[in-house]
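Structural features, examined
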Amino acid sequence: MAENIAKQARASSTVLKTLSNEQRSGALQAVHDALRNAKAEILEANVKDMEAAETANLSSSLVKRLDLSKGDKFDVMLQGVLDVAALEDPVGKITMAKQLDEGLDLYRLTAPVGVLLIIFESRPEVIANITALAIKSGNSAILKGGKESLHTFTAMAKVVNEALASTAVPADAIQLIASREDVASLLDQDKYIDLVIPRGSNELVRNIKSNTKIPVLGHADGICSIYVDKEADLDMASKIVFDAKTNYPAGCNAVETLLIHKDLKEKVVEVVQRLLDGGVTLHVTEEVAQSLPSDSKQIVPAVDGDFDKEFLSLDIAVDFTDSVESAISHINAHSSGHTESIVTENKDTADKFLKAIDSAGVYWNASTRFADGFRYGFGTEVGISTNKIHARGPVGLEGLVIYQYQIRGHGQVAGDYLGAGGARQFVHKNIDIKSVNL
């Protein structure tokens, strides 16, 4: 069964990547309209999943991610589909052009990755996100949702499948699998599937990375840090840290570690008071505890592992640091490589931090919560990558295309040229990309 699904996706990808940008974007408009018109029934299904999750005593972070009716989440999801549709076509862009010889030209063009396998937990909006990004970038996608989002997934899958049926997109280009299809079998389909994108707990991501030969794009943890420098505007720092921790604690871009320069010992309360007022529990080192009120139940001793932990809740680990250098050292040692931020008024200090931090995202005087494809203007994202190959950070359309080389000639053969037995020399002359019209 899994092999058939993968084969169908591969066959569809061959057709999908030949469609025009107008055809692919038109299909996304159809998906948007269908999801918008089915909002009531989708949210009704989501309520069933929420009730089941609460009955099963699932973690609060998972329940929050499952909730599709929270705030403007549904409308943002819909807007993301339109935003992706409106983006420039990522496929077929010429990134290099070179004349090898007269009448023999070499081009490097962007091309779809091929077939994506997305395995996710709880986040039902992933269906719309991945559908939009996959179709726009010319990739086929197999989406496998978790059992905790079964009702929502089923409702949305029905809507998406029906919407795509009226477009030029091949029927099997987007396969939404709501059944208990064996994930292990799908992970074995390295002959047909090109990239696995896990969306969910670090346990899920680690398990997938350990059980497939297919390249995996994603991150296991979101251990984000903020360093408050001795030259920071403390009101700004307080506001940034508060937003990064409380805006959406279950998000992978929420701050989990707060480092404060020792010169601010007497002013620590100015940095953390907003957190305390917002119900955040501070897991502090003994040195930090001495600078904070001793009667607060929200201030607890940090234990082993707190600075290597993704709390995903209203908790944060706090420590002092001697300098920006020691902050950099601490973050590079304990961070998951997701997103870090420095708060300072000193440009030289900020520049040192921005250059030395070894993470996908590094910010100056800004909340880590900005680490998001929608906020970056990517329309939406397939996930956050902490990899150092192909794609990094929030992965939008650009991360779902690779490239291929095309040579356009007039009957030339390698044997006529130097290096293959011939005497003819290559020209290797750059061609102005702007002048090329393939």
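Refer to the preceding data block for the structure.
Overview of the structure. (Residues numbered from 1 in each chain as written. Predicted model: local features only at pLDDT ≥ 70, side-chain atom pairs only at ≥ 80, totals over all residues. Heavy atoms only, no water.)

Description of the overall build of the chain
A tally of helices and strands in the chain yields 14 helices and 17 strands. In terms of principal-axis extent, the alpha carbons of the chain reach across some 80 × 55 × 35 Å. Out of the 438 residues belonging to the chain, those deemed buried represent 54%. Partitioning the contacts of the chain with sequence separation of at least 6, the portion at a separation of at least 24 is 72%. Approximately 19800 Å² of the chain is accessible, and the part contributed by carbon and sulfur atoms is 48%. Positive and negative charge centroids in the chain, built from 45 and 60 side chains respectively, lie 4 Å apart. (Helix = DSSP H or I, 4+ residues; strand = E, 2+ residues; numbered from the N terminus. Buried < 20%, exposed > 50% of the residue type's maximum accessible area, 1.4 Å probe, protein only. Contact = heavy atoms within 4.5 Å. Areas by Shrake-Rupley, 256 points an atom, 1.4 Å probe, with all protein chains shown as cover. Lys, Arg positive; Asp, Glu negative; His and termini not counted. Charge placed at Lys NZ, Arg CZ, Asp CG, Glu CD.)

Some points on the sheet that holds strand S3 (residues 115–120)
Spatially, the four strands line up as an open sheet ordered S5-S4-S3-S6, and their pairing is parallel. In the strand order of this sheet, the two ends are held by strand S5 (174–177) and strand S6 (195–199), each with one partner. Within the sheet, the average angular offset between the axes of one strand and its neighbour, ignoring direction, is 15°. Where strand S4 (residues 140–145) lies against S5, four bridges are found, and the strand directions are parallel. Counted as the bridge partner of Lys144 is Ile177 from S5. Across the sheet, helix H1 (residues 2–16) is in contact with S3, S4 and S5; its angle to S4 comes to roughly 145°. Strand contacts of helix H9 (residues 202–210): S3 and S6, with the helix running at about 160° to S6, the strand carrying the most contacts. (Pairing = 2+ DSSP bridges. Axes fitted to C-alpha atoms, helices over the stretch in contact; angles between N-to-C directions.)

Regarding the environment of Leu276
Within the secondary structure, Leu276 sits in helix H11 (residues 268–277). Judged by relative accessible area, Leu276 falls into the buried class, the value being 12%. For Leu276 and Phe242, which are 34 residues apart along the polypeptide, the C-alpha to C-alpha distance reads 9.4 Å. Leu276 has contacts with Leu282, Ser296, Gln298 and Ile299, leaving out every residue within four places of it along the chain.

So, the sheet that holds strand S8 (residues 255–261)
A sheet is described by the order of its strands in space; here seven strands give the open sequence S10-S9-S11-S8-S7-S12-S13, paired in parallel fashion. Taken across any chain shown, the strands that pair with only one partner, and hence form the sheet edges, are strand S10 (299–301) and strand S13 (361–364). Averaged over neighbouring strand pairs, the angle between their axes works out to 25° when direction is ignored. The pairing of strand S9 (residues 281–284) with S10 spans three bridges and is parallel. Bridging from a neighbouring strand, Leu282 pairs with Ile299 of S10.

Some points on the side chain of Ser367
For Ser367, the position within the fold is in the loop between S13 and strand S14 (383–385). There is a polar contact of 3.1 Å between the side chain of Ser367 and the backbone nitrogen of Arg369. Residues in contact with Ser367, not counting those within four places in the same chain, are Ile240, Asp243 and Ala244. (Polar contact = N/O pair within 3.5 Å; in protein donor to acceptor, adjacent residues only side chain to side chain.)

Observations regarding the nonpolar core
Formed by 51 residues in total, the largest nonpolar core has its most connected members in Leu35, Ile42 and Ile118. Among residues more than four places away in sequence, those in contact with Ile118 are Val126, Ile130, Ala141, Ile142, Leu143, Lys144, Ile197 and Arg199. Counting 27 residues, the second-largest nonpolar core is a separate cluster that includes Leu234, Leu264, Val280 and Phe320. (Core = buried A, V, L, I, M, F, W, Y, C linked by side-chain atoms within 4.5 Å.)

Structural notes on the pattern of salt bridges
Throughout the structure, instances matching the rule amount to 19 salt bridges. The partner of Lys265 in a salt bridge is Glu287, and the shortest N-O contact between them spans 2.9 Å. Of this pair, Lys265 sits in the loop between S8 and H11 while Glu287 is found in helix H12 (residues 286–289), placing the two residues 22 residues apart along the sequence. The exposure class of Lys265 is partly exposed, given its relative accessible area of 28%. On the basis of relative accessible area, Glu287 is assigned to the partly exposed category, the value being 25%. For the salt bridge of Arg392 with Asp358, the shortest nitrogen-to-oxygen distance reads 3.9 Å. With Arg392 in the loop between S14 and strand S15 (393–395) and Asp358 in the loop between helix H14 (347–356) and S13, the pair connects residues that are 34 residues apart, well separated along the chain. (Salt bridge = Lys/Arg side-chain N within 4 Å of Asp/Glu carboxyl O.)

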